[in-house]
Amino acid sequence: MFLTPRTTSAATASITFRADQPKAISPDLFGLFFEDLNSAADGGLYAELIQNRSFEYQATEQPTWNNLTGWELVARGAGEGSIRVATTDPVHPNNPHFAVLQVKHPGDGVGLRNSGFGGIPVQAGHCYDLALFARVLFVGERWPSHEDAGHPGADNAGDAAQKGLGPLVARLESERGDVLGEALLPSPGQEWARLSATITASRTDANARFVLLVREQGGLALDVISLFPQHTFRGRPNGLRADLAQAIADLKPKFVRFPGGCLVHGNGLGNMYRWKDTIGPIEGRREQPNLWGYHQTAGLGYFEYFQFCEDIGAKPLPVVPAGVCCQNSGYLAGGAGQQGLPLEAMPAYIQEVLDLIEWANGPATSTWGARRAEAGHPEPFNLEYLGVGNEEQITPAFRERFQMIYAAVRARHPEITVVGTVGPFHSGSDYDEGWKIADALRLPIVDEHYYVGPDWFWDNLGRYDAYDRGRPAVYLGEYAAHEPDRRNTLRSALAEAAYLTALERNGDLVRLASYAPLLAKQGHTQWLPDLIYFDNTSVALSVNYYVQQLFSLNAGDRYLPIVVAGAAGDNLAASCVQDRASGDLIVKLVSRSCHAIQVWCDLGHAGLFAPEARCTVLAGDPLAENVFGAPPALAPETTTMSVGAQLMYEVPPYSLSIIRLTRRSQPAA
Ligand code: AHR
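All values reported here derive from a predicted model rather than from experimental measurement.

(A) Just the site of the ligand, in detail. With respect to spatial proximity, 14 residues lie near the ligand, and among them Glu35, Cys262, Glu391, Tyr451 and Glu478 are the closest. The separation between an oxygen atom of the ligand and a polar main-chain atom of Cys262 is 2.8 Å. For the ligand, an oxygen atom lies 2.7 Å from a polar atom in the side chain of Glu478. Look at the ligand: alone it shows 280 Å² of surface, and the protein chains cover 94% of it. Residues of the shell around the ligand, tallied by class, amount to 8 nonpolar, 3 polar and 3 charged.

So this is what it looks like as structure tokens:
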């Protein structure tokens, strides 16, 4: 099979396919990397609508924050009261702070109001599940003599038991106080109890508020006040925002790496992401500052990540800390750079890693498998890959701890593919030293990261051609083409597309690849560019998203060698893969030329393919981008084209073209 130039074209290329020399490539090549960066989790993919639901925000996260951030006291009619924070007898020791509401004069109700993550978006007719923990501290006008209002007043505890504070009124309101929906919660008792109700919104409002009112005089402790749309992705409880999760699902990723990124190794040893803190009932999860400067509830925790992977047909690729914290810890918050867990703490830490494998894959009768089953998933999650460490500085402290973890996992779970790390750049000392460790330990695969300019990608299309196939395989875990102004231009997306053709060519070595970062919330962005932008009600897809999606939807498991030659050669990247299940042949052509390039393909075995092929093109001004809030400037368009024994195709300027030839069920005579 070959493509030859047409002389009338402004630019030409000669392309030859070697259909007789197919090679098997990774069927898992195109996946995703999710990190809670740019408010990707709380206020983003995680569908919780209440901000600071557990009163755990702290000034150490953001100087203007405190335990009541997001909340305000409301007093309706002649109501009068106060709100403060207490810590005695919390709902759960992992969740030490709670709110104490004192109602001095009930008026038309005294309580709390929460404005969500920049407003609570509700839709007419949709139902919202409210759950909270409450306990009565006292009834009537007396404030207990205790310093800390966490204890019920000794002399009126009996009153509380008998009289209570009556049902609590829960409302969705507009910003100016119109009631959009209301429900009553049962009268709380003297012990912490979870109360729940459902509120139906009567109208759509992108900027609603949640209000909780008490209509009796007294004191009430409140915690973990949670409001979820019933309409989450796949209807999962404690689930994900449906539109955002769908945009991710539409990428059809073969795997998802999570929960980071730098978030994993954390800002200091105490800030590492420890998976056990993120499972079980939400009131018991340990909330903590996010390395990226905000709060993580861990409501989107390991169970939710694994469930999401299963829901979208992607393999989970969790990453655990390698026993060291982020080398940038000092620079981020006055810490001391990379530090290792004390060696005497390593056996327990290694056991934590082994327990993760049991939690994911063990039978429901095993200790940790039982925890998974309790959460509603008795069947194993079929974990195959486990990342250990994230772009670490390769130091003796790292090496020692990584080796210990790797040896233990390999010994106990040889079925798990451990993904090693080779630093934050495409070259340099961490890269070199990381590869030395990978070679010495004969790691199955290592995780490379690089964020570089578009030209770097075009200039390095041959990078993996030169890699020794006898060494560990590669996971390109984080990459993106960065424009100087960090915009998501078509030029950046085409550079990534060109590189993806090279990854397909090297798909025997490069097993996995994931763009980074995935999500960014408008007004809460620490890192640009990203793949998907969103606010509370809408989702915008970058042109880079379309590149990822087109490669994923048109992946193959066999690569047919392809040779590009001619005057347009430097501006054209190409690949040809076959999907063995369907038999389809997929040709990808990426051009950074300002001219069209005429190509001609002799399909050789024309009878094998249907006479019409699907041709999907992403093209336009190389500096154009899809701007949030505006109609997309760039999106792929699919047409059909006739194919016979030969295929003529004009590659548009600045474009990605994907030509999918469908295999006939019966070859034509
Ligand atoms: O993707 C954003 C960050 O880039 C990741 O957290 C980190 O691994 C890399 O430096």
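There is more to say, and it comes next.
(B) Quick peek at the side chain of Asp42. Looking at where Asp42 falls in the secondary structure, it is placed in the loop between β5 (32-33) and β6 (71-76). Buried charged residue Asp42 carries no salt bridge. Nearest counter-charge: Arg53, at 5.9 Å. A polar contact of 2.6 Å, which involves the side chain of Asp42, links it to the side chain of Thr297. Setting aside its immediate chain neighbours within four residues, Asp42 contacts Asp36, Phe117, His295, Gln296, Thr297 and Ala298.

(C) Up close: the sheet that holds strand β23 (residues 445-452). Strands sit in the order β5-β17-β20-β21-β22-β23-β24-β25 across an open sheet of 8 strands; the sheet is parallel. The two strands at the open ends of the sheet, each matched to only one other strand, are β5 and β25 (510-513). As judged from the 2 bridges shared by β5 and strand β17 (residues 255-258), these two strands associate in the parallel manner. Bridge assignment links Phe33 to a residue of β17, and that residue is Arg257. Along the sheet, helix α4 (residues 302-312) makes contact with β17 and β20 (315-320), crossing β20 at roughly 155°.

(D) Spatial organisation of the environment of Arg399. Tracing the sequence through the fold places Arg399 in helix α8 (residues 396-412). Beyond its immediate chain neighbours, meaning those up to four positions away, Arg399 contacts Ile394, Glu433 and Ile437.

(E) Spotlight on the nonpolar core. In terms of nonpolar packing, the biggest core is built from 164 residues, with Phe34, Tyr302, Trp359, Phe402, Tyr464, Leu519 and Leu656 touching the most fellow members. The element best represented in this core is helix α11 (residues 490-505), accounting for 10 residues. Core analysis: the next-biggest nonpolar cluster, separate from the first, contains 37 residues, Val110, Val122, Leu168 and Ile225 among them.

(F) Structural detail: helix α6 (residues 346-361). Relative to the 22 Å expected for 16 residues at 1.5 Å per residue, α6 spans 23 Å between its end C-alpha atoms, a close match to the ideal helical length. Among the residues making up α6, those that are buried are Met346, Tyr349, Ile350, Glu352, Val353, Leu354, Asp355, Leu356, Ile357, Trp359 and Ala360. For α6, the elements touching its buried residues are α4, β20, α7 (367-374), β21 (385-388) and α8.

(G) Examining the layout of surface pockets more closely. Approximately 810 Å³ is the volume found for the largest pocket. Forming the walls of the largest pocket are 37 residues, and the residues nearest its centre are Pro237, Asn238, Gly239, Ile282 and Glu304. For the lining of the largest pocket, the secondary-structure elements that each account for two or more residues are β11 (127-139), β14 (193-200), β16 (218-229), α4 and α7. Residues that form the lining of the largest pocket fall into these classes: 17 nonpolar, 11 polar and 9 charged. Two domains each provide a minimum of three residues to the lining of the largest pocket, namely domain 2 (32-46 + 234-553) and domain 3 (71-229).

(H) View of the sheet that holds strand β35 (residues 637-642). The antiparallel open sheet is built from 7 strands, whose spatial order is β4-β29-β31-β32-β37-β34-β35. Each end of this open sheet is capped by a strand with a single partner; those strands are β4 (23-24) and β35. As paired elements, strand β34 (residues 612-619) and β35 share 6 bridges and run antiparallel to each other. Bridging from a neighbouring strand, Thr616 pairs with Thr638 of β35.

(I) Examining α11 more closely. The first and last C-alpha atoms of α11 sit 23 Å apart over 16 residues, in line with the 22 Å expected at 1.5 Å per residue. Most of α11 sits inside the fold, with 14 of its 16 residues counted as buried.

Reading guide: rules and limits
Residues numbered from 1 in each chain as written. Predicted model: local features only at pLDDT ≥ 70, side-chain atom pairs only at ≥ 80, totals over all residues. Heavy atoms only, no water. Near = heavy atom within 4 Å. Polar contact = N/O pair within 3.5 Å; in protein donor to acceptor, adjacent residues only side chain to side chain. Areas by Shrake-Rupley, 256 points an atom, 1.4 Å probe, with all protein chains shown as cover. Nonpolar A, V, L, I, M, F, W, Y, C, P; charged D, E, K, R; others polar. Helix = DSSP H or I, 4+ residues; strand = E, 2+ residues; numbered from the N terminus. Buried < 20%, exposed > 50% of the residue type's maximum accessible area, 1.4 Å probe, protein only. Lys, Arg positive; Asp, Glu negative; His and termini not counted. Salt bridge = Lys/Arg side-chain N within 4 Å of Asp/Glu carboxyl O. Contact = heavy atoms within 4.5 Å. Pairing = 2+ DSSP bridges. Axes fitted to C-alpha atoms, helices over the stretch in contact; angles between N-to-C directions. Core = buried A, V, L, I, M, F, W, Y, C linked by side-chain atoms within 4.5 Å. Expected span 1.5 Å × (residues − 1). 1 Å grid on protein atoms, 1.4 Å probe; cavity = no way out; pocket = protein on both sides within 12 Å on 5 of 7 lines; lining within 4 Å. Points joined across faces, edges and corners; volume = space filled by probe spheres on them. Domains from an automatic or database assignment.

What is shown is where atoms sit, not what they do.
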